[in-house]
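# A closer look at the structure
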Amino acid sequence: MSVGISVNLRSPVPPFEQIRAQITSLITVGTLAPGTRLPTVRSLASDLGLAAGTVARAYKELELAGLIETRRRNGTVVAGKPALPAPAGTQGQGEAPAAVIAAVDRYIAEGRSAGLDDAALLEILRAKLSQQDK
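Now for a description of the structure that goes with this document. Computed from a prediction, not measured in an experiment: that's the story for all the values here.

## Describing the overall build of the chain
When its secondary structure is counted, the chain shows five helices and two strands. Order of helices (α) and strands (β) in the chain, N terminus to C terminus: α-α-α-β-β-α-α. Put simply, of all contacts in the chain between residues at least 6 apart along the chain, 51% involve residues at least 24 apart. About 8,500 Å² of surface is accessible on the chain, with carbon and sulfur atoms providing 54% of the total.

## Here's the deal with the packing of helix α2 (residues 41-48) against helix α3 (residues 52-64)
Contact geometry for α2 and α3: axes closest at 8 Å, N-to-C directions at 120 degrees. Taken together, the axes of α2 and α3 lie oblique to each other. Here the hand of the crossing between α2 and α3 comes out right-handed. Counting all contacts with α2, which are made through Val-41, Arg-42, Leu-44 and Ala-45, the residues of α3 involved are Ala-52, Val-55, Ala-56 and Tyr-59. Along the lines of polarity and charge, the residues of the contact of α2 with α3 split into seven nonpolar, no polar and one charged.

## Some remarks on the pairing of strand β1 (residues 68-71)
In this structure, β1 lies alongside strand β2 (residues 75-78), joined through four bridges in antiparallel fashion. Across the sheet, the residue bridging to Thr-70 is Thr-76, located in β2. With antiparallel pairing between neighbouring strands as the criterion, β1 and β2 make up a hairpin whose turn holds three residues.

## Re the pattern of salt bridges
Applying the stated criterion across every chain, the model contains three salt bridges. The salt bridge partner of Arg-57 is Glu-61, with a shortest N-O separation of 3.6 Å. Of this pair, Arg-57 and Glu-61 are both found in helix α3, four residues apart, which corresponds to roughly one turn of the helix. Residue classification places Arg-57 among the partly exposed positions, given a relative accessible area of 44%. Arg-71 serves as the salt-bridge partner of Glu-69, at 2.7 Å between the closest nitrogen and oxygen.

## Here's the deal with the nonpolar core
Within the largest apolar cluster, 19 residues are counted, with the highest numbers of intra-cluster contacts made by Ile-19, Ile-23 and Tyr-59. Those elements giving two or more residues to this core turn out to be α1 (15-28), α2 and α3. With five residues, α1 is the largest single contributor of residues to this core.

## Section: the environment of Arg-42
Within the secondary structure, Arg-42 is located in helix α2. Taking C-alpha positions, Arg-42 is 10.0 Å from Thr-54, a pair spaced 12 residues apart along the chain.

## Things to note about α3
Compared with the 18 Å implied by 1.5 Å per residue over 13 residues, the 18 Å span of α3 between its first and last C-alpha is a close match. All buried positions along α3 are accounted for by Val-55, Ala-58, Tyr-59 and Leu-62. Looking straight down α3, one finds that the buried residues subtend no more than 95 degrees of arc, so they occupy a single side. α3 presents Lys-60 and Leu-64 as exposed residues on the side facing more than 90 degrees away from its buried surface.

What counts as what
- Residues numbered from 1 in each chain as written.
- Predicted model: local features only at pLDDT ≥ 70, side-chain atom pairs only at ≥ 80, totals over all residues.
- Heavy atoms only, no water.
- Helix = DSSP H or I, 4+ residues; strand = E, 2+ residues; numbered from the N terminus.
- Contact = heavy atoms within 4.5 Å.
- Areas by Shrake-Rupley, 256 points an atom, 1.4 Å probe, with all protein chains shown as cover.
- Axes fitted to C-alpha atoms, helices over the stretch in contact; angles between N-to-C directions.
- Parallel < 35°, antiparallel > 145°, perpendicular 65-115°, else oblique.
- Left-handed = near helix turned anticlockwise from the far one by under 90°.
- Nonpolar A, V, L, I, M, F, W, Y, C, P; charged D, E, K, R; others polar.
- Pairing = 2+ DSSP bridges.
- Salt bridge = Lys/Arg side-chain N within 4 Å of Asp/Glu carboxyl O.
- Buried < 20%, exposed > 50% of the residue type's maximum accessible area, 1.4 Å probe, protein only.
- Core = buried A, V, L, I, M, F, W, Y, C linked by side-chain atoms within 4.5 Å.
- Expected span 1.5 Å × (residues − 1).
- Arc of directions from axis to C-beta.

Structure representation (structure tokens):
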């Protein structure tokens, strides 16, 4: 059971980061609800053809972010949705919609797959935003 996660070994994005980003997106959009059990590290690693340490690193980062937690008898479960920053200018009027966060995650993953760094991704986004303002 890989919970819909896949890894592109040709991508410049490290496999643990691909796993972390995909699980974050699945939690954000509600596909993985709080309390949902995730596969064990060994099981997911086997399903994806990766070393257990790769999946363990992704899980550790997700746990540090408060998205998942490991319970002794229940295994690893989804703890809750990530805390999202309020959109600029809203001053606490709500969180960014989950669909927007998921789209941003996909944008980042696609950009990194294309070999773009953060500066290039930000520049593309700034250019597109300035085009929309005109």
